[in-house]
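What follows is each chain in one-letter form.
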Amino acid sequence: MKEILIVVDMQKDFVDGALGSSEAVRIVDNVVDKIMAFEGDIISTYDTHEDNYMNTREGKYLPVPHCIKGTDGWALDARVQKALDAKGFRAIEKPTFGSMDLVDVIREYDVNDIKITLIGLCTDICVVSNALLLKANFTETDIAVDSNCCAGVTVEKHLAALETMRSCQIDVI
């Protein structure tokens, strides 16, 4: 069985930047350890916005410029980047929470012989969105999320997202 690790949006703006949190900072070491111990293919997503972010639908609901392509906040956390560089990875830029490009990349695999694990930020937005997209498209594929390598906007929202994923037959480890 081929294992795939999806590292969701471990970017500076979500760790300790514009939308960072102490919970996000706390998971970085866990994320680095998970990446370094992982034997399989690794995909990293990048939340990617342009300079016109504040004029987008998301910008109207979340009026905090973040992950503007080319800025320091768009870059991965330096420790995560170092780990990914050491292991090798494929990058996917996504303009919104869930990524159909990620779904298309997973279609390149034998979906009957893979196991997908998601880690990253934020549990209640981009992690859950991508996990549910993958589950909807690959109903018989093993999909898991490592709760020790995720953080939500709040602890309560993190726990609620984990419960939502459990309800949708995504393994929470």
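Above this note sits the structure.
Rules used throughout
- Residues numbered from 1 in each chain as written.
- Predicted model: local features only at pLDDT ≥ 70, side-chain atom pairs only at ≥ 80, totals over all residues.
- Heavy atoms only, no water.
- Axes fitted to C-alpha atoms, helices over the stretch in contact; angles between N-to-C directions.
- Helix = DSSP H or I, 4+ residues; strand = E, 2+ residues; numbered from the N terminus.
- Parallel < 35°, antiparallel > 145°, perpendicular 65-115°, else oblique.
- Left-handed = near helix turned anticlockwise from the far one by under 90°.
- Contact = heavy atoms within 4.5 Å.
- Nonpolar A, V, L, I, M, F, W, Y, C, P; charged D, E, K, R; others polar.
- Salt bridge = Lys/Arg side-chain N within 4 Å of Asp/Glu carboxyl O.
- Buried < 20%, exposed > 50% of the residue type's maximum accessible area, 1.4 Å probe, protein only.

Here's the deal with the packing of helix α6 (residues 123–137) against helix α7 (residues 155–167)
The geometry of a pair of packed helices is captured by two quantities: the angle between their axes and the separation between those axes.
Here is step 1: Running from N to C, α6 and α7 point in directions that differ by 15°, and their axes come no closer than 9 Å. One element, α6, and the other, α7, form an angle in the roughly parallel class. At the point where α6 passes α7, the crossing takes the right-handed sense. Between α6, through Thr-123, Asp-124, Val-127, Val-128 and Ala-131, and α7, the contact on the second element is made entirely by Lys-157, His-158, Ala-161, Leu-162, Thr-164 and Met-165.
Here is step 2: Of the residues that constitute the contact of α6 with α7, the class distribution is 6 nonpolar, 3 polar and 2 charged.

Remarks on the pattern of salt bridges
Here is step 1: All chains considered together, the criterion is met by 13 salt bridges.
Here is step 2: Salt-bridge contacts for Asp-146 lead to Lys-34; the nearest nitrogen and oxygen are separated by 3.0 Å. Here Asp-146, found in strand β5 (residues 142–151), pairs with Lys-34, found in helix α2 (residues 22–37); they are 112 residues apart in sequence, far enough to count as distant.
Here is step 3: Classification of Asp-146 as buried rests on a relative accessible area of 9%.
Here is step 4: Classification of Lys-34 as partly exposed rests on a relative accessible area of 22%.
Here is step 5: Connected through salt bridges with shared partners, the residues Asp-9, Asp-47 and Lys-94 form a single ionic network.

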